[in-house]
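In case you want the letters, here they are:
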Amino acid sequence: MPLLYEGKAKRVYSTDRADEVRVEFTDAATAFNGQKRAEIEMKGVVNAAVSARLFQWLGEHSIETHFVEQLDDRNLLVERLNMVALEVVVRNWVAGSLNQRTGIPEGTPMDDPVVEFYYKNDALGDPLLNDDHIRLLGLASADLVARLRQEGLRVNQVLKPFFLQRNLVLVDFKLEFGWNSAGLLKLGDEISPDTCRIWDQTSGERLDKDRFRRDLGRVEDAYQEILRRVMN
Ligand code: ADP
Ligand code: UDP
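Keep in mind the model is a prediction, meaning the values are calculated, not measured.

Asker: In this structure, what is going on with the pattern of salt bridges? I would like to understand it.
Answerer: Two side chains that carry opposite charge are able to pair once their charged atoms sit near each other. Throughout the structure, instances matching the rule amount to 32 salt bridges. Lys-186 is the salt-bridge partner of Glu-64, the closest N and O atoms lying 3.2 Å from each other. Of this pair, Glu-64 sits in the loop between α1 (43–60) and β6 (67–72) while Lys-186 sits in strand β14 (residues 185–187); the two residues are 122 residues apart in sequence, bridging distant segments of the chain. Residue class for Glu-64 comes out partly exposed when judged on its relative accessible area of 44%. Residue classification places Lys-186 among the buried positions, given a relative accessible area of 9%. Between Arg-229 and Glu-225 there is a salt bridge whose closest N-O contact spans 2.7 Å. Of this pair, Arg-229 and Glu-225 both sit in helix α6 (residues 219–230), separated by 4 residues, roughly a single helical turn. Residue Glu-225 is classed as partly exposed on the basis of its relative accessible area, which comes to 22%. What emerges from the salt-bridge pattern is a single network uniting Arg-91, Glu-106, Glu-116, Asp-172, Arg-197, Arg-206, Asp-210, Arg-213 and Arg-214.

Asker: Just checking my understanding: could you explain the site of ligand 1 for this structure?
Answerer: Around ligand 1, the surrounding shell holds 15 residues, and the nearest of these are Tyr-5, Lys-8, Ala-9, Lys-10 and Glu-176. Within the side chain of Lys-10, an N or O atom sits 2.4 Å from an oxygen atom of ligand 1. Protein contacts shield 88% of the accessible area of ligand 1, which totals 560 Å² for the unbound molecule. Of all elements in the fold, only β2 (10–14) and β7 (75–79) reach the threshold of two or more residues within the shell around ligand 1. Tallied by class, residues from the shell around ligand 1 come to 6 nonpolar, 2 polar and 7 charged.

Asker: Honestly, the side chain of Asn-92 in this entry has me stumped. Any pointers?
Answerer: In this fold, Asn-92 is placed in strand β9 (residues 86–93). Polar side-chain contacts of Asn-92 include one of 2.9 Å to the side chain of Asn-156. Sequence-distant contacts of Asn-92, that is, excluding residues within four places in its chain, are made with Thr-108, Pro-109, Met-110, Pro-113, Asn-156, Lys-160, Leu-170 and Val-171.

Asker: I'm lost on the site of ligand 2 in this one. Help?
Answerer: Taken together, 16 residues lie around ligand 2, and Arg-91, Ser-97, Asp-172, Arg-197 and Arg-213 are the ones closest in. One of the side-chain nitrogen or oxygen atoms of Arg-197 is found 2.8 Å away from an oxygen atom of ligand 2. In this structure, Arg-213 approaches ligand 2 through a side-chain N or O atom, which is 2.9 Å from an oxygen atom. Classifying every residue of the shell around ligand 2 gives 5 nonpolar, 3 polar and 8 charged.

Asker: What am I meant to see in the environment of Arg-211 here?
Answerer: With respect to the element layout, Arg-211 can be found in helix α5 (residues 210–213). Note on Arg-211: relative accessible area 9%, which makes it buried.

Asker: I tried to follow unusual backbone geometry on my own but got confused; where do I start?
Answerer: Located in the positive-phi region is Ser-62, a residue other than glycine, with phi close to 55°. Its place among the elements puts Ser-62 in the loop between α1 and β6. Non-glycine residue Asp-126 carries a positive phi angle of around 50°. Here Asp-126 is to be found in the loop between β10 (109–119) and β11 (128–129).

Asker: Could you clarify how one ought to interpret the packing of aromatic side chains in this entry?
Answerer: Aromatic ring pairs are described here by two measures, namely the spacing of the ring centres and the angle between the planes. Across all of its chains, the model carries 3 aromatic pairs by this definition. Between Phe-55 and Phe-67, the ring centres sit 6.4 Å apart and the planes meet at 20°, which makes this aromatic pair stacked. With Phe-55 in helix α1 and Phe-67 in strand β6, this residue pair connects regions lying 12 residues apart in the sequence. Take Phe-67: its relative accessible area is 21%, and that puts it in the partly exposed class. Of the aromatic side chains, those joined through ring pairs into one cluster are Trp-57, Phe-162 and Phe-163.

Cut-offs used in this document
Residues numbered from 1 in each chain as written. Chains lettered and ligands numbered in written order. Predicted model: local features only at pLDDT ≥ 70, side-chain atom pairs only at ≥ 80, totals over all residues. Heavy atoms only, no water. Salt bridge = Lys/Arg side-chain N within 4 Å of Asp/Glu carboxyl O. Helix = DSSP H or I, 4+ residues; strand = E, 2+ residues; numbered from the N terminus. Buried < 20%, exposed > 50% of the residue type's maximum accessible area, 1.4 Å probe, protein only. Near = heavy atom within 4 Å. Polar contact = N/O pair within 3.5 Å; in protein donor to acceptor, adjacent residues only side chain to side chain. Areas by Shrake-Rupley, 256 points an atom, 1.4 Å probe, with all protein chains shown as cover. Nonpolar A, V, L, I, M, F, W, Y, C, P; charged D, E, K, R; others polar. Contact = heavy atoms within 4.5 Å. Phe/Tyr/Trp six-rings, centres within 6.5 Å; stacked < 30°, edge-to-face > 60°.

Given below as structure tokens:
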């Protein structure tokens, strides 16, 4: 079936149903707005399986997602969504750009999660947006912004204990939402070590894409460790 879209880490194909697409997870990894590129062996297999498991878990906890079924080790069948051009980031611990923006040390826990919106726009480098910027750009109504924030927090409440049961701390993560053919808002894209920061609760070891971003080594091992624990 025709390729609809080739992204940095996934390919989206049409299916024989107009309202469903097949998402193929590749081993391609990029960081720093595409400046750093590599292949992470078996990453696509890990991210497909982890995403499928987490979407299934969220579905069982009354979060609406695009997930239909896993087709094979790298392919998910999902509902076709008209994506909102925003990345919704939810943070429980300070890390990454929040550390750079505020100076609060990485690894500082936060009593209340912080929610941020980024413009999904590679040419601009996915900049942080405030509510007025979102309105100015016409990316979402004030109502939708409030809904996205609420959904992000709900996903956080479901995923945090899932990871804690596996001795993993969910530091932060990125979500993408879109509209299905029936006009329902659904969680889309992926939830994986590419899009979450996940630290071992005991050792603090980073088991996510930061191992690649920061050249920490043992990247493949970290992805495999997340797969092992998430599938448990
Ligand atoms: P990027 O576009 O950032 O390079 P990917 O390589 O992950 O990212 O490409 C996947 C693309 O598919 C993203 O643009 C994402 O918004 C989009 N997408 C995710 N889920 C769906 C869906 N259910 N329907 C249509 N598009 C989707
Ligand atoms: N993230 C993502 N895609 C992006 C930007 C961020 O999945 O394009 C995730 C990232 O993996 C982390 C969280 O969102 O879990 C917060 O990322 P941050 O803003 O700290 O940016 P970074 O420093 O990772 O670029």
